[in-house]
Amino acid sequence: MNAPVAFNKKSELAAPTPPDLSITVRDERFNRATTPRRWWAGEPFGTAWHNALSATFPRGEAFFIEAVKAHRDGADPKLAAEIRAFVRQEINHTREHVAFNRLAEDAGYDIKAIDKRVEEMLALTKDRPAIANLAVTMALEHYTAMMAAEFLANPKHFENSDPEVRAMWRWHAAEEIEHKGVAYDTWNHATRDWSAWKRWKIRSIVMLTVTARFFKNRWIDSLNLLAQDGITGWRARWGLFKYLTVSPGVVRRIFPAWLAYFKPGFHPWDHDDRALIQLYESEFEDALMPAE
Ligand SMILES: [Fe+2]
Ligand SMILES: [Fe+2]
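Throughout what follows, the structure given in this document is the object of discussion.

What counts, and where the lines are drawn
- Residues numbered from 1 in each chain as written.
- Chains lettered and ligands numbered in written order.
- Predicted model: local features only at pLDDT ≥ 70, side-chain atom pairs only at ≥ 80, totals over all residues.
- Heavy atoms only, no water.
- Donors = N, O, S within 2.8 Å, 3.2 Å for Na, K, Ca; no water.
- Helix = DSSP H or I, 4+ residues; strand = E, 2+ residues; numbered from the N terminus.
- Buried < 20%, exposed > 50% of the residue type's maximum accessible area, 1.4 Å probe, protein only.
- Core = buried A, V, L, I, M, F, W, Y, C linked by side-chain atoms within 4.5 Å.
- Contact = heavy atoms within 4.5 Å.
- Tetrahedral: all angles 85-135°; square planar, octahedral: opposite > 155°, others 65-115°.
- Polar contact = N/O pair within 3.5 Å; in protein donor to acceptor, adjacent residues only side chain to side chain.
- Salt bridge = Lys/Arg side-chain N within 4 Å of Asp/Glu carboxyl O.
- Phe/Tyr/Trp six-rings, centres within 6.5 Å; stacked < 30°, edge-to-face > 60°.
- Lys NZ or Arg CZ within 6 Å of the ring centre and 35° of its normal.
- Axes fitted to C-alpha atoms, helices over the stretch in contact; angles between N-to-C directions.
- Parallel < 35°, antiparallel > 145°, perpendicular 65-115°, else oblique.
- Left-handed = near helix turned anticlockwise from the far one by under 90°.
- Nonpolar A, V, L, I, M, F, W, Y, C, P; charged D, E, K, R; others polar.

**Looking at the coordination of the iron ion (ligand 1)**
Thinking step 1. Note on the iron ion (ligand 1): its protein donors are Glu61 (OE), Glu90 (OE), His93 (ND1), His172 (NE2) and Glu176 (OE). The metal-donor distances range over 1.9 to 2.3 Å.
Thinking step 2. All donors to the iron ion (ligand 1) come from one chain, and their sequence spacing reads E-x28-E-x2-H-x78-H-x3-E.
Thinking step 3. Separating the iron ion (ligand 1) from the iron ion (ligand 2) is a gap of 3.7 Å, which glutamate 90 spans by donating to each of them. Taken together, the positions of glutamate 90 in helix H2 (residues 77–106) and glutamate 176 in helix H5 (residues 163–178) put the pair 86 residues apart, joining distant regions of the chain. Both residues of the pair, glutamate 90 and glutamate 176, count as buried.

Written out as structure tokens, the structure reads:
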């Protein structure tokens, strides 16, 4: 198929990461004691969704790191430094989600089946071209960045949640926004000899595939955790659906940002949301200050 005229040579390489972006590794620790079983506002659906997400992070983030590192040769010094910071941030995220997952297990949830499926799925990636893994990483990093922006912009997402668990998700969210362009810029670097059309076509197809798989698997995983709470059948499905699409409705809210990914020439930093990181940092400092 020929490329439409909208794709000029540079159209997929436009709108780069802000030149003054600095990626800060915040080496924080959370969740080393206990957590309430239903830490998300005392209700099961938000708890199940986030527990299901968290269960995939240790293996998922290790996969992201390897996919990006496999394409760093020849990167300019700025991108090389950003890749190093990205790796350190993701390693810390993994450590904190391992700690959180342990608490979820202590609270009585069995998350081993989720981890096992992620392991089996990642085993299938071993035989495919490394660039495919980077395209998957780039799509999933867009997911984390979209959800991160929502979590920081809209207090409803963690309203009445356990403060320690909430702090972890907000910390993770701030760093996901900060490094949201790294996998993308690495992809642009790795595919610099491709046409804009080919680059757009592959990343769009991969995003559609990743989206179908992401929702199918997180849905199954969340229902599995809800069943462990004795919530099954239509009650479980409707409750989860309402949580995701009505209130707080994270899936509905990220839809425009998801759609933007398909725009020719899209770049994660087309939308500069560093103000959310500043907001997170000022709230984090306030939380550490003694009350007057
Ligand atoms: Fe992360
Ligand atoms: Fe990330």
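**Focus: the nonpolar core**
Thinking step 1. Core analysis: the largest hydrophobic core is formed by 75 residues, its most contacted members being Trp169, Ile177, Leu226 and Tyr261.
Thinking step 2. Per-element accounting of this core gives the leading share, 13 residues, to helix H4 (residues 130–153).
Thinking step 3. Ignoring any residue separated from it by four or fewer positions in sequence, one finds tryptophan 169 in contact with Trp39, His50, Leu53, Ser54, Phe57, His97, Phe151 and Phe158.

**Examining helix H6 (residues 182–190)**
Thinking step 1. Extensive coverage of H6 is indicated by the burial of eight of its nine residues.
Thinking step 2. Within H6 the residues assigned to the buried category are Val182, Ala183, Tyr184, Asp185, Thr186, Trp187, Asn188 and His189.

**A short note on the coordination of the iron ion (ligand 2)**
Thinking step 1. Donor atoms from the polypeptide that bind the iron ion (ligand 2) are Glu90 (OE), Glu141 (OE), Glu141 (OE), Glu176 (OE), Glu176 (OE) and His179 (NE2), placed at 2.0 to 2.7 Å.
Thinking step 2. Around the iron ion (ligand 2) sit six donor atoms, and with donor-metal-donor angles ranging over 53 to 150° the site reads as irregular.

**A short note on the environment of glutamate 150**
Thinking step 1. Tracing the backbone shows glutamate 150 in helix H4.
Thinking step 2. Judged by its relative accessible area of 14%, glutamate 150 falls in the buried class.
Thinking step 3. The sequence separation of glutamate 150 and valine 251 amounts to 101 residues, and the corresponding C-alpha distance is 9.7 Å.
Thinking step 4. Ignoring anything within four residues of it in the chain, the contact list for glutamate 150 reads His157, Val250, Arg253 and Ile254.
Thinking step 5. At 2.5 Å, the side chain of glutamate 150 forms a polar contact with the side chain of histidine 157.

**With respect to the pattern of salt bridges**
Thinking step 1. Applying the stated criterion across every chain, the model contains 21 salt bridges.
Thinking step 2. Between aspartate 27 and arginine 29 there is a salt bridge, with its nearest N and O atoms 3.5 Å apart.
Thinking step 3. Where glutamate 96 meets arginine 32, a salt bridge forms, and the shortest distance between an N and an O atom there is 2.7 Å. Of this pair, glutamate 96 sits in helix H2 while arginine 32 sits in the segment before helix H1 (44–69), and the two are 64 residues apart along the sequence.

**Quick look at unusual backbone geometry**
Thinking step 1. The omega torsion across serine 247 and proline 248 is 0°, close enough to zero to call that bond cis.
Thinking step 2. Following the sequence through the fold, proline 248 ends up in the loop between helix H8 (233–245) and helix H9 (250–260).
Thinking step 3. For alanine 41, which is not a glycine, the phi torsion comes out positive at approximately 55°.
Thinking step 4. Tracing the backbone through its elements, the reader meets alanine 41 in the segment before H1.
Thinking step 5. Even without a glycine there, the phi angle at asparagine 160 is positive, about 60°.
Thinking step 6. Using a relative accessible area of 66% as the deciding quantity, one classes asparagine 160 as exposed.

**Some words on the packing of aromatic side chains**
Thinking step 1. Tallied over the entire structure, the rule returns 22 aromatic pairs.
Thinking step 2. An angle of 80° between the planes, with centres 6.2 Å apart, marks the rings of tyrosine 261 and phenylalanine 262 as edge-to-face. For the pair tyrosine 261 and phenylalanine 262, one class covers both residues: buried.
Thinking step 3. The rings of Trp39, Phe57, Phe100, Phe151, Phe158 and Trp169 are connected pair by pair, giving a single aromatic cluster.
Thinking step 4. A cation over a ring is seen here: lysine 180 above tryptophan 269, with NZ or CZ 4.4 Å from the ring centre.
Thinking step 5. Its guanidinium or amino end placed over the ring of tryptophan 269, arginine 274 lies 5.9 Å from that ring's centre, counting from NZ or CZ.

**Some words on the packing of H1 against H5**
A packed helix pair is summarised by two numbers, namely the angle formed by the two axes and the spacing between the axes.
Thinking step 1. At a minimum axis separation of 14 Å, H1 and H5 run at an interaxial angle of 50°. Our classification of the angle between H1 and H5 gives oblique. Along this stretch, H1 crosses H5, giving a crossing that reads as left-handed. Two secondary-structure elements touch here, H1 through His50, Leu53, Ser54, Phe57 and Glu61 and H5 through Trp169, His172 and Glu176.
Thinking step 2. Residue classes in the contact of H1 with H5 are distributed as three nonpolar, three polar and two charged.

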